[in-house]
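Each chain, written out:
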Amino acid sequence: MAEPRREWNYTPDLPLGVSPLWQWPPKPLAVLRWYWDGWFLITVNLIILGLSIASWVWFSPSLETAQTFAVGWILQIILRNLALLVTVAGGLHLYFYTFRNQGNDLKYDTREFAKKGGMFTLNNQVLDNIFWSCTSGVLVWSAYEVLMFWCFANGYLWLLSWDTNPIWFVAIFFLIPIWESFYFYWIHRWLHWPPLYRVAHALHHRNTNVGPWSGLSMHPIEHIIYFGSVLIHWVIASHPLHMMFHLQFYALSAVTTHTGFEELFIKNKKRLRLGMFHHQMHHRYFECNYGNLDVPWDILFGSFHDGTPEAKERMRHRLKIRNSAR
């Protein structure tokens, strides 16, 4: 008799835990380690910050240029963002799925991407994801950036400089992922509201088995809501570099967290943490893990799945009660 198929090819150490910043009693060393591992040496956050700085220095309009809408600098932003997305998502897809450089090591789900069936717009999961990411995704991302550049250039936003407040200038980079955790949880819960889910979010959830091109594959309505996170810069003083990092963090971390692999090997050693099993379970089970592990919103509001069989049973029980109450 054939052995039953395992639910997951790979799982990290379970149960999953949230940031020690929110655990009691306080664990200051664990908090420092959590943020060190998330930001320093070879990390996605630091790579995106580097890309943002390079984009600001070499591939962005000056504030003087951005005072007036013009095709030239707007097209520059669109093409730069398209190049960033294709390089990151395309590069990860080639590495993991075309050349299979890592095989199935640290891969959560070993199923192949769908290549036929009416579920996908182009009858192919990867092509469908590329289409929505490179059209609606890049255009909405770029539209927000163009708007924000114009607002900064014309004095409609409070401009913060390194010279006037270097501590706050640096702190904002670390606070953006915290804001993202808050914003993403609540808009994600909203996107699972049945009418909005059917109209918009269902497109993203076609991907029950995710890959790099899945992260930014969304309906235009969802892209508008998703990238709306950057509007927080209308409330706090910041710099165009913060705004660019914010948008690139939202776009490119969506790519990396949907990679389907926990880490990327370099010289046969774990070197770059990528896909989150926490979110991988959301794409498999739908009704759990709406946020991330930086802030414990899912724990606070009863939607946390830590990867254990007990958590799966609790999720089933919660859904059974909810469905019976309808």
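Below, the structure is looked at part by part. Being a predicted model, the structure only gives us computed values, none of them experimental.

Turning our attention to unusual backbone geometry. A cis amide bond links L14 with the next residue in sequence, P15, at an omega value of 0°. On the secondary structure map, P15 appears in the segment before α1 (28-39). For the peptide bond that leads from W24 to P25, omega is 5°, which places it in the cis range. Within the fold, P25 resides in the segment before α1. Notably, R100 is not glycine yet its phi reads approximately 50°, a positive angle. Position of R100 relative to the elements: it lies in the loop between α3 (71-98) and α4 (125-153).

It is worth spelling out helix α8 (residues 240-257) at this point. Across its 18 residues, α8 extends 25 Å between first and last C-alpha, which sits within 8% of the 26 Å expected from 1.5 Å per residue. At F249, α8 shows its largest bend, some 25°. Along α8, 18 of the 18 residues are buried, which leaves the element largely enclosed by surrounding structure.

A separate point is the environment of A171. Within the element layout of this structure, A171 appears in helix α5 (residues 166-191). Judged by relative accessible area, A171 falls into the partly exposed class, the value being 23%.

Membership of the largest hydrophobic core comes to 61 residues, with the highest contact counts inside it found for Y226 and F227. Broken down by secondary-structure element, the contributors of at least two residues to this core are α2 (44-58), α3, α4, α5, α7 (220-227) and α8. With residues up to four places along the chain from it excluded, the contact list for Y226 reads Y183, F184, I187, L216, M218, Y250 and A254.

This next bit is on the environment of V170. Within the element layout of this structure, V170 appears in helix α5. Note on V170: relative accessible area 35%, which makes it partly exposed. For V170 and I53, which are 117 residues apart along the polypeptide, the C-alpha to C-alpha distance reads 13 Å.

Moving on, we get to the packing of α3 against α4. Packing of α3 against α4 leaves a shortest axis separation of 9 Å and a crossing angle of 140°. Of the possible angle classes, the one that applies to α3 and α4 is oblique. The interaxial crossing formed by α3 with α4 has right-handed handedness. Within the contact between the two elements, α3 uses W73, I74, I77, I78, R80, N81, L82, L84, L85, V86 and H93 and α4 uses V126, S133, C134, V138, L139, W141, S142, E145, V146 and F149. Tallied by class, the residues present in the contact of α3 with α4 amount to 15 nonpolar, 4 polar and 2 charged.

A word on the packing of aromatic side chains. Using the criterion set out here, one finds 36 aromatic pairs in the structure. Relative to Y108, the ring of Y10 lies with its centre 6.0 Å away and its plane at 25°, an arrangement referred to as stacked. With a gap of 98 residues between them, Y10 in the segment before α1 and Y108 in the loop between α3 and α4 connect regions that are remote in the sequence. Grouping residues by exposure puts Y10 and Y108 together as buried. Here the aromatic rings of Y185 and W186 are separated by 5.0 Å at their centres, their planes lie at 90°, and the arrangement is edge-to-face. Directly above the aromatic system of W8 lies the positively charged group of R284, at a separation of 3.9 Å from the ring centroid.

Taken together, the side chains of W36, F40, L41, I42, L46, I47, W162, V170, F174 and I266 present a nonpolar region at the surface, about 910 Å² in accessible area. Looking at the nonpolar patch, the elements that each hand over two or more residues are α2 and α5. Along the polypeptide, F40 turns up in the loop between α1 and α2. With relative accessibility at 32%, the residue F40 sits in the partly exposed group.

Summed over the entire model, instances satisfying the criterion amount to 9 salt bridges. In this structure, R33 and D37 form a salt bridge, with 2.9 Å as the shortest nitrogen-oxygen distance. Residue R33 and its partner D37 are located together in helix α1, separated by 4 residues, close to a single helical turn. Residue classification places D37 among the partly exposed residues on the basis of a relative accessible area of 44%. A salt bridge links R80 to E145; its shortest N-O distance comes to 2.8 Å. A residue pair is termed long-range when its members are at least 10 positions apart, and R80 in helix α3 and E145 in helix α4 qualify at 65 residues. In this pair, the class of R80 matches that of E145, namely buried. Each of E7, D109, R111, R284 and K312 takes part in one network of salt bridges that share partners.

Calculation notes
- Residues numbered from 1 in each chain as written.
- Predicted model: local features only at pLDDT ≥ 70, side-chain atom pairs only at ≥ 80, totals over all residues.
- Heavy atoms only, no water.
- Helix = DSSP H or I, 4+ residues; strand = E, 2+ residues; numbered from the N terminus.
- Expected span 1.5 Å × (residues − 1).
- Bend = angle between axes of the 7 residues up to and from the residue.
- Buried < 20%, exposed > 50% of the residue type's maximum accessible area, 1.4 Å probe, protein only.
- Core = buried A, V, L, I, M, F, W, Y, C linked by side-chain atoms within 4.5 Å.
- Contact = heavy atoms within 4.5 Å.
- Axes fitted to C-alpha atoms, helices over the stretch in contact; angles between N-to-C directions.
- Parallel < 35°, antiparallel > 145°, perpendicular 65-115°, else oblique.
- Left-handed = near helix turned anticlockwise from the far one by under 90°.
- Nonpolar A, V, L, I, M, F, W, Y, C, P; charged D, E, K, R; others polar.
- Phe/Tyr/Trp six-rings, centres within 6.5 Å; stacked < 30°, edge-to-face > 60°.
- Lys NZ or Arg CZ within 6 Å of the ring centre and 35° of its normal.
- Patch = residues over 30% accessible without salt bridge, like charges linked within 9 Å, V, L, I, M, F, W, Y side chains within 5 Å.
- Areas by Shrake-Rupley, 256 points an atom, 1.4 Å probe, with all protein chains shown as cover.
- Salt bridge = Lys/Arg side-chain N within 4 Å of Asp/Glu carboxyl O.

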